[in-house]
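Coordinate analysis (summary)
These are the residues of each chain, in order.
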Amino acid sequence: MNHLWNLIRKELKELLTPASVISIIVVALLFASLGGALSSEVEKAEALPVIGVVSYGTADHYRTALDAIDAYYSSSPGSVMTMTSDHDDAESIINEMKGSGISVALVFGASYSDDIDSFVSTGTGPGGVIEIYWCEVSTGVFGAISAAIVSDLIDTINHVTAAEIVGTIGGTAAMLTPVSSPKSHTSFNGKMYDGYTPSDISGALQSQSLLMPILMMIIITMIGSMIISSMGNEKENKTLETLLTMPVKRTTIVSGKLIGAAIAGLIFGVVYMAGMYVYTNSMSAGSLSLNELGLTLGPADWIIVAAVIFLAILSALGICMILGAFVKNYKAAQTLTLPISVLAMIPMFVTMFVDFNTLPAVLQAVLFAIPFTHPMMIMNNLMLGDMFMVWAGLGYLAVFALVMIYITVRIYNSDILLTGLIRKRGKGTLSAIFRGSLLKTR
Amino acid sequence: MADALVVKGLSKSFGDRLAVDGVSFSVKEGEIFGLIGPNGAGKTTTLRMISTLLTMTSGDIWVYGKSMRTDADYIRRCISYLPEDAGAYKDLTGRAYLKFMAGFFANGEEMENIVDKGIGIADLGERIDSKVSTYSKGMMRRLLIARAIMPSPRLAILDEITSGLDVMNAFEIRDVVRTIAKGGVSVLLSSHNMFEVDQLCDRIGMIDGGKMILTGSPSELKERYKVGTVEEVFIKAAVKR
């Protein structure tokens, strides 16, 4: 145990260098600050844009429309401005918008009111026309939010105007909305979610769908690269040769490396998770929370999540130590990080954009076989009660990690670590790993 | 004197290539035995097998009477191996490196005593607390020699210990090897420096093509080949093959 702790401390000292820790913290802070910036962008986009109105007179339908706008902007009355530009002078309108800080202008035609009356009585013509001018618009993904707000405002003006017209001809406002669908019922993953649309559910799950795959991909790629590089360094400096002649079991050496790297991976994971949490929360701002949908994790669930992540990290380290056994130096180690990165990226992209359950059986099997798929899906599976996938994934990961560790220990007990693979007629050196031709007391 | 190391019929194949072919020799307690031979002769492979790093294809090795095939753990407690061009963990200080290595041999006060001994052998002054990455080649070699000797091994296996060192550093390191041998440590070293072998070794074994082609003390071999230096013995023995 003392030897194991000695090795773990050495691994941690090597992996948790000031340079590596600072770079991880900087990346996490960058994610968090990016999240903060996105969050303020979303808040800005969700706020009612400063609106300018170009209209003529206060009679009839003009007045109705202006009242509807004022009512819509009742929470932000200062954001509605009356403009003086002429309705058909676009240049003047834009200049006035720029000068007054107006984002969107609603320009009523000179015959707006008459056109509505004509349309109502004859059923022909364009009806009342409101032209919309945008100034200094945001081209980011959140720019669509402002457009949605204005579209909703136009719908409101339409509805209020229609209600007024219906009232004048002896009808009631109810005639305008004889059909309604106030409540959705969504069956998802065998469970009924009353009052929510599929979009509500996917929006709420978005934070988990984004956070875990990205986080796991980063952690696995990072610690994979670190452990393979560490193996390359050990071989290049021949520190591994020295270590292997120490009076300590090879199993202890392998365990020390694995546990040290796993602890470093978990520390980096927690730092990244904090940064990514802020980032993804800002992306899903405005959508329903998981609590509102009743999709929460209990203490037992979190233990399962931690176990799955730990086993996935252990599996990754096992794969990396096997790959690392074949590198000759630090430079060669860099090229061997690619397989582990690809293995982490495939499930990341799939789980971010596609529902595992809707994939063809062959793809499901391939994804299931990749150990890093399971930590990426574990939170959603637990929240949605897909316990078969949870337990099957956990069991598979445990077996996979054990097999990787077993192979690693066998490699450490063989010549391969120092000589690499040697081609041989008949039984090769590779097969020696699984034969009993190793030093018995190792 | 008892045998510290006995090697009998030792062979090692890498695939179809026979790197070491039936090598036999022994090292007495407190003796310095030099393994010489051309590049690729099988010296390092032999040292690696004795150090428990590589498995044997055939033959056996006994260290203080214990067989490699059954008691590799015991042998690891007796030996100390210093590979050619070895390095240390660059993110550790010299002291931390010695402490890490000493941790495999003892705990607590005993470990601290081993570390103190190592610091004394390394003789790096205040630089023992500098990062290993800042050491010169000579400083690194002194640290590694200290690491190899500080746990008081019964058999030290040293591969090209002075390779690439300047005259002063090489002289001091040879002096350290002589001192530990006088203290009863058996030393098996390999070297391409025939002057060093002549100066240091009580006996020499020459390997060529994986076979042990001669053994004897430097003076015996010089007399046998009727030459004045070990270098000339080497040349004559190699040409004769």
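Structure report, in brief. For clarity, every value in this text was computed on a predicted model and none was experimentally measured. (Residues numbered from 1 in each chain as written. Chains lettered and ligands numbered in written order. Predicted model: local features only at pLDDT ≥ 70, side-chain atom pairs only at ≥ 80, totals over all residues. Heavy atoms only, no water.)

Turning our eyes to something else, we now look at a negative patch on the surface. There is a patch of like negative charges on the surface, built from Asp60, Asp114, Asp117 and Glu164 of chain A. One can find Asp60 of chain A in helix H3 (residues 60–72). (Patch = residues over 30% accessible without salt bridge, like charges linked within 9 Å, V, L, I, M, F, W, Y side chains within 5 Å. Areas by Shrake-Rupley, 256 points an atom, 1.4 Å probe, with all protein chains shown as cover. Salt bridge = Lys/Arg side-chain N within 4 Å of Asp/Glu carboxyl O. Lys, Arg positive; Asp, Glu negative; His and termini not counted. Charge placed at Lys NZ, Arg CZ, Asp CG, Glu CD. Helix = DSSP H or I, 4+ residues; strand = E, 2+ residues; numbered from the N terminus.)

Counted under the stated rule, the structure contains 21 salt bridges over all chains. Residue Glu31 of chain B is joined to Arg203 of chain B by a salt bridge in which the shortest nitrogen-to-oxygen separation is 2.6 Å. Here the residue Glu31 of chain B occupies a position in the loop between strand E2 (17–28) and strand E3 (32–36), and Arg203 of chain B occupies one in strand E9 (residues 203–208), the gap between them amounting to 172 residues. Classification of Glu31 of chain B as buried rests on a relative accessible area of 7%. Accessibility expressed as a relative area gives 22% for Arg203 of chain B, which makes it partly exposed. We note a salt bridge from Lys99 of chain B to Glu112 of chain B, for which the minimum N-O separation is 3.8 Å. Note that Lys99 of chain B is positioned in helix H3 (residues 94–102) and Glu112 of chain B in helix H4 (residues 108–122), a separation of 13 residues in sequence. Counted as one network, the salt bridges with shared partners bring together Lys10, Glu11, Glu14, Glu234 and Lys257 of chain A. (Buried < 20%, exposed > 50% of the residue type's maximum accessible area, 1.4 Å probe, protein only.)

Let us now look at the side chain of Thr239 of chain A. Mapped onto the elements, Thr239 of chain A comes out in helix H8 (residues 239–244). For Thr239 of chain A, a relative accessible area of 2% gives the class buried. The contact partners of Thr239 of chain A, leaving out residues within four places of it in the chain, are Asn233 and Glu234 of chain A together with Gly87, Ala88 and Tyr89 of chain B. (Contact = heavy atoms within 4.5 Å.)

What follows is about the pairing of strand E4 (residues 58–63) of chain B. Residue and element names in this part refer to chain B. Sheet topology places strand E1 (residues 3–14) next to E4; 5 bridges connect them, and they run antiparallel. Its bridge partner lying in E4, Val6 is registered against Trp62. Joining the antiparallel neighbours E4 and strand E5 (residues 66–67) is a turn of 2 residues, in which Tyr64 adopts a positive phi near 45°. (Pairing = 2+ DSSP bridges.)

The subject of this paragraph is the interface of chain A and chain B. Taken together, the 35 residues of chain A in the interface contact 38 residues of chain B. In total, about 3400 Å² of surface goes out of reach between chain A and chain B, with carbon and sulfur atoms giving 57% of it. Between chain A and chain B we count 3 salt bridges in total. For Lys249 of chain A, the salt bridge is made with Asp73 of chain B, and the minimal N-O distance between the two is 3.1 Å. Inspection of the chain A/chain B interface yields 13 residue pairs in polar contact (both at pLDDT 80 or more). (Buried area = accessible area lost by both parts, 1.4 Å probe. Polar contact = N/O pair within 3.5 Å; in protein donor to acceptor, adjacent residues only side chain to side chain.)

What follows deals with a nonpolar patch on the surface. On the surface, Met345, Phe349, Phe353 and Val354 of chain A cluster together into a nonpolar patch covering about 390 Å² of accessible area. With respect to the helices and strands, Val354 of chain A occurs in the loop between helix H12 (337–353) and helix H13 (361–369).

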